[in-house]
Amino acid sequence: MARFRFREPSIIPGFRMAFGFTIAYLAIIVLIPIAGLFLKTFELDWATFERIVTGPRFLAALKLSFGASALAALFNVVIGVVIAWVLVRYRFPGRRLLDAIIDLPFALPTAVAGISLGWVYSPNGWIGRLFAPDIMISYTPIGVWIALVFIGLPFVVRTVQPVLEDLDRQVEEAAATLGARRFTTIRRVILPTLLPAILTGFALAFARAVGEYGSVIFIAGTGTGVTILPVLIVEWLAQRGHNAIALHAAAAIAAVMLMVSFAILLAINLIQAWSNRRFGRV
Amino acid sequence: MDISIVDVRKEFGRYPALNDVSLTIRSGELIALLGPSGSGKTTLLRLIAGLEMPTAGTVLFGDEDASRKTVQERNVGFVFQHYALFRHMTVAENIGFGLRVRPRARRPARAEIRSRAVQLLDLVQLSGLEDRFPAQLSGGQRQRVALARALAIDPRVLLLDEPFGALDAQVRRELRRWLRELHDKTGHTTVFVTHDQEEAIELADRVVVMSQGRIEQIGSADEIYDSPASPFVFSFIGESSALPVVVRGGRVAFEDTDLAISAADIADGPARLCVRPHDVDLGEPGPGRVPGRVSLVRRSGAGRRVEVVAGKDAHRVEIEIPPDLSPSVGSTVGLGVRRWRLFPERAPAA
Amino acid sequence: MSDANAPRVRRRALRDATTESPAVRRLLIGLTIAILALLLVMPLVAVFSQALRLGLDQALATFQDPDAMDAVLLTLLVAAIAVPCNLVFGVAAAWAVAKYRFPGRAFLVTLIDLPFSVSPVVAGMVYIILLGPFTPIGGWLLEDFNIRIIFAVPGIVLATIFVTFPFIARELIPLMQEQGTGDEEAALSLGASGLRTFWHTTLPNVKWALLYGVLLCNARAMGEFGAVAVISGKLRGETVTMPLQIELYYQEFRASALVAAFTMAAVLAGLALITLIIKTWLEWRYADQLAATRGGH
């Protein structure tokens, strides 16, 4: 048997240097700090950990974080598919501009989005004043939801768009020759084909929303009781001082959030693998 | 039910894809639309299906005007070139799709749709594959599933776009024979598009030869092979060479040589003399023979291929001779024409 | 055109089998425009309109505040360190992943993408736990070398590097994989050295993707809020970047501070717009020389 080789032979130089640097940099910047966080969590005894994760503030933040994120991602799926459809299928003046604007939430710093959304939806703001005082948006869970919709929108559009572009028109024609009306074709043929991309977009938007801090903190305000998990971490870090428990509590929440991120990452990979296996290359 | 295409014209933008095409397809017939790419054959097929609407003219299904019906209402079975199977549905779901999307009043029960799918899979000889996904099938199998799916809706006409185009030669031949048998068994009126003359001639009852948006000839395999209606058909079906000649008073001349050919029924003027490789013999130059020079000799299967450059403008003529003859390259020869077709030179199309 | 006796029926039938009716089309286009205007464009306009609420002079007065100028300078400094670091990493990682085959390659790519799925707050926090003044490493650095990392500029740089970590690598990896090793092998076989091959063959092939990655990396580096907020300690004039300065102004609840907050935000929004414009231009002009994937991040 041939001696094990770590890589296939290649005449191209520089593998050791490039690979070594990549691994070292990755370890120093990402892997070791994340491992440190988990180690920190293990210093916590079980009873304390349990007290933290069953405490009312944690549970309320958990509920708001996951609830608002799921609702925002869901909204983004519906509206994102419509937008992707319009951008891919229809030709109208200004289409390219709209297409470019989609990426605004990626490019706009979250603090800028936050301060702006916070004002627009406040009782004096352009939209907030239409609803105040009956419905308050800023400083309530509705505001959190709006901020999460804002930052998550591009994910769904940008995952669905390329799949829609590659869709074979003949498949739609086939459905039509078999007697399917347009709406039936969309519901039974096009949407199921887009499903893996839609699920991926949902997962990406959801993951981003769960971790979001910058745009939410402005619209949720401080001391309003509208607290999501990242805000809770920051609050506990701030009151830390020499209080080791608060730091541990923050670490525990962070660890939980990291586990959620990993789970979502895994889910996305599984969705891709499943759809590749079943439908061929997507 | 006959299908009639009457004076159909189709323009994409300002470019005419079909020029006043008329065609009648008889009930139960198997028809091939044959032509090079850009000849309008696929456009014609899509017009029959209702995937395109004619710029002018009508498509009749029996006596009714199908041009007023949408593709959904026409009830045609269409097999796409790349099959266009629904990749998120199993084979059985694909086949049952046309039944499942019917309005509730006409929709068969779930179990009935399933049994119909199984039955059709049996017909296309794919029993047992009903729960596979299209990605798990070979090209030939996908082709048959696409056909079964089209047959499931009991179509008034079956339309196939380059049905064997994406398959390799071996599978192609098998499927061709199988499709013919299937047609004879089910009796569906069938129209298929192909650019492969062998396929068209072998499979179809009648062949429609198309070129540049026009129908050049409609006929049986024998008719289009033995009596081609135009130089295009002559050259498109089988191998051929053409020489520019002049007809005067029933005599045919190539450059200065009077060929021993009578052309009593052809008006005076320039014409095109078309010949097939095996209808020409090679000999010494002499009266009534086309003078030329051998430019290439190569072995080809059972015979020998010779390329002769004839006349002042070096027109290439390909001929086939027995293998025991072997003229040397560069030698001067005379070509005797045994069978030929003469076409008066058409004035350039407006 | 000629079928005058049944114009209504024909108009319906003439519709392409794979498009929706004009009414539906108009409805969907209208919906898209309305949503994008309301959700994306309006907040952008609001930033500029609020910055100029008390006039241009008042907005420009923001930059006479030394805190504001310090924040701008710190932001530039952080980006000037973080972006080159990730640039070098991105090129090295793409070279290793795309030009060689070795076991675990796909896993390495997943790890490189990892920071995208980590909450910025967590990204800042991992460094506090690792390098805070009461940790072994942090304590050692502080006592023996008097280097403070947390609540200081090095921490801000680290956190920024973390959150912008994958931007350049993920633009380069798919593109360089697509391009294969043919060009490099040709250059090497013609006698070029490894470095020359890289400089004259590999780099020109990926230059637009590299620019694209740098652009996105820089936008995020200058705009990062969560990770930096956790680690900075918000010492005015020392560890406050532009996004943090926005928050500090915003919390003052004075009209002039609010204008300052929005002015600072407008500068960053301007940066975002420029980024978007160059990005769109690159996608339009050099679509073939960017990675095929245009997914989000």
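These numbers were taken from a predicted model, which means no experiment stands behind them.

Enquirer: How should I be thinking about the packing of aromatic side chains in this particular structure?
Expert: We describe a pair of aromatic rings using the distance from one ring centre to the other and the angle between the two ring planes. For the structure on display, the rule yields 27 aromatic pairs over all chains. Taken together, a centroid distance of 5.6 Å and an interplanar angle of 15° make the contact between Y25(A) and F165(C) stacked. Remark: F165(C) occurs in the loop between α8 (153–164) and α9 (167–179) and Y25(A) occurs in helix α1 (residues 15–42); the pair is interchain, linking two chains. Across the pair, F165(C) and Y25(A) agree in class, each one buried. Relative to W145(A), the ring of F75(A) has its centre 5.2 Å away and its plane inclined at 70°; by these criteria the two rings are edge-to-face. One end of the pair, F75(A), is in helix α3 (residues 56–89); the other, W145(A), is in helix α8 (residues 141–166), and 70 residues separate them in sequence. Given a relative accessible area of 26%, W145(A) falls into the partly exposed group. Taken together, the aromatic side chains of F15(A), F19(A), Y100(C) and F102(C) make up a single cluster linked through ring pairs. One cation-aromatic arrangement involves R89(A) over W85(A); the distance from NZ or CZ to the ring centre is 4.7 Å. The side chain of R276(B) reaches across the aromatic face of Y225(B), ending 4.6 Å from its centre.

Enquirer: Sorry, what's going on with the sheet that holds strand β16 (residues 290–300) of chain B here?
Expert: Across a sheet, strands are paired by hydrogen bonds formed along the backbone, either parallel or antiparallel in direction. Residue and element names in this part refer to chain B. Judged by pairing direction, the sheet is antiparallel, and its 5 strands sit side by side in the order β15-β19-β16-β17-β18 without closing on themselves. The two strands at the open ends of the sheet, each matched to only one other strand, are β15 (280–283) and β18 (315–321). Mean inter-strand twist for the sheet, computed between neighbouring axes without regard to direction, equals 45°. Where β16 lies against strand β19 (residues 332–337), 4 bridges are found, and the strand directions are antiparallel. Each bridged residue has a counterpart across the sheet, and for G292 the counterpart in β19 is V333.

Enquirer: Just to check I follow, could you spell out the interface of chain C and chain A for this structure?
Expert: When the parts come together, some accessible area is lost, and that loss is often what is quoted as the size of the interface. At the junction of the two partners, chain C supplies 90 residues and chain A supplies 92 residues. Buried surface at the junction of chain C and chain A, summed over both partners, amounts to about 8,100 Å²; 79% is from carbon and sulfur atoms. Ranking the residues of chain C by area buried against chain A places T18(C), L40(C) and Y100(C) at the top, with a combined share of 8%. Inspection of the chain C/chain A interface yields 2 salt bridges. K279(C) serves as the salt-bridge partner of D103(A), at 2.2 Å between the closest nitrogen and oxygen.

Enquirer: How do you make sense of the interface of chain B and chain A when you look at a structure like this?
Expert: Listed by partner, the interface residues are 24 residues for chain B and 22 residues for chain A. Summing both partners gives a buried area of about 2,200 Å² for chain B against chain A, and 64% of it is carried by carbon and sulfur. On the chain B side of the contact with chain A, Q72(B), R87(B) and H88(B) bury the most area, a combined 31% of that side's loss. One salt bridge in this structure joins R46(B) and E173(A), with 2.6 Å as the shortest N-O distance. Taken together, chain B and chain A are joined by 3 residue pairs in polar contact (both at pLDDT 80 or more). Residue contributions to the side of chain B that touches chain A peak at 3 residues, all from helix α3 (residues 91–100) of chain B. Across the side of chain B that touches chain A, the residue classes break down as 15 nonpolar, 5 polar and 4 charged.

Enquirer: Teacher, can you tell me more about the confidence of the model for chain B here?
Expert: Low pLDDT means the predicted atomic positions in that stretch should not be read closely. Considering every residue of chain B, the mean pLDDT works out to 89; 99% of them sit at 70 or more. In the model output, the complex is listed with pTM 0.87 alongside ipTM 0.89.

What counts and what doesn't
- Residues numbered from 1 in each chain as written.
- Chains lettered and ligands numbered in written order.
- Predicted model: local features only at pLDDT ≥ 70, side-chain atom pairs only at ≥ 80, totals over all residues.
- Heavy atoms only, no water.
- Phe/Tyr/Trp six-rings, centres within 6.5 Å; stacked < 30°, edge-to-face > 60°.
- Helix = DSSP H or I, 4+ residues; strand = E, 2+ residues; numbered from the N terminus.
- Buried < 20%, exposed > 50% of the residue type's maximum accessible area, 1.4 Å probe, protein only.
- Lys NZ or Arg CZ within 6 Å of the ring centre and 35° of its normal.
- Pairing = 2+ DSSP bridges.
- Axes fitted to C-alpha atoms, helices over the stretch in contact; angles between N-to-C directions.
- Contact = heavy atoms within 4.5 Å.
- Buried area = accessible area lost by both parts, 1.4 Å probe.
- Salt bridge = Lys/Arg side-chain N within 4 Å of Asp/Glu carboxyl O.
- Polar contact = N/O pair within 3.5 Å; in protein donor to acceptor, adjacent residues only side chain to side chain.
- Nonpolar A, V, L, I, M, F, W, Y, C, P; charged D, E, K, R; others polar.
- pLDDT = per-residue confidence, 0-100.

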